[in-house]
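# Report on the structure
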Amino acid sequence: MPLDNLNNIHYTAAEKTAVSTGLASLETTLIAKLRNLSPDERKKYGSINEQNKLIVNKTHDYRNNQPSLSSPDVDWVEFQNDFDSRDFIQAAMARLQAMLDGLDNNKILHDYDNYQASLTDYGYSQYKAGTKTPGYETKVSELSQFFNRTGTTTTATDTPLPTP
């Protein structure tokens, strides 16, 4: 027998409102700082790799510990501002990613619960259609379009309803 109700923890209306309000506040706070890059710009500027991050970090260390060795051609105030902003953004992204992962896992469990309940309902509808109870033949006919009749198997994600 399949497991049912893997996630019975649901969001209250107040929690949904709080999340929406928090997201709106986050969007409002960040919108002026966000930049859209074209595909060409993303390719041109890219992301510095781990090796280059080490160079930036070492340059930062030298600037903080031996500033007399720093180039006078660099705007060190801007360098520090970029460094601090990058650290802040990285930390915020990590927190947001953790929340996204948790929400995605939560959604998977709710999707699974809905899918299992739908299978149970379809089986019941087939039974009722077999007893000629009005309305069930149409329901089974409409739902049967989602069933795989080839007998092939698929992965667990986005799995179509099994062949009846």
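Residues numbered from 1 in each chain as written. Predicted model: local features only at pLDDT ≥ 70, side-chain atom pairs only at ≥ 80, totals over all residues. Heavy atoms only, no water.

## Notes on a nonpolar patch on the surface
- Taken together, the side chains of Val-19, Leu-23, Leu-26, Leu-96 and Met-99 present a nonpolar region at the surface, about 430 Å² in accessible area.
- With three residues, the single largest contributor to the nonpolar patch is helix α1 (residues 13-30). (Patch = residues over 30% accessible without salt bridge, like charges linked within 9 Å, V, L, I, M, F, W, Y side chains within 5 Å. Areas by Shrake-Rupley, 256 points an atom, 1.4 Å probe, with all protein chains shown as cover. Salt bridge = Lys/Arg side-chain N within 4 Å of Asp/Glu carboxyl O. Helix = DSSP H or I, 4+ residues; strand = E, 2+ residues; numbered from the N terminus.)

## Digging into the nonpolar core
- Tyr-122, Ala-129, Tyr-136, Val-140 and Phe-147 together form the largest nonpolar core, which totals five residues.
- Elements with a minimum of two residues in this core: α4 (76-130) and α5 (136-144). (Core = buried A, V, L, I, M, F, W, Y, C linked by side-chain atoms within 4.5 Å. Buried < 20%, exposed > 50% of the residue type's maximum accessible area, 1.4 Å probe, protein only.)

## Description of α4
- For α4, which comprises 55 residues, the first-to-last C-alpha distance of 79 Å matches the rise-based estimate of 81 Å (1.5 Å per residue) to within 8%.
- Within α4, the full set of buried residues consists of Trp-76, Phe-79, Phe-83, Asn-106, His-110, Asp-113, Gln-116, Tyr-122, Ser-125, Lys-128 and Ala-129.
- Among the residues of α4, the N-terminal cap falls to Asp-75, whose side-chain oxygen and the backbone nitrogen of Val-77 are separated by 3.3 Å.
- Positive backbone phi, at 65 degrees, marks Lys-132, one or two positions downstream of α4. (Expected span 1.5 Å × (residues − 1). Polar contact = N/O pair within 3.5 Å; in protein donor to acceptor, adjacent residues only side chain to side chain.)

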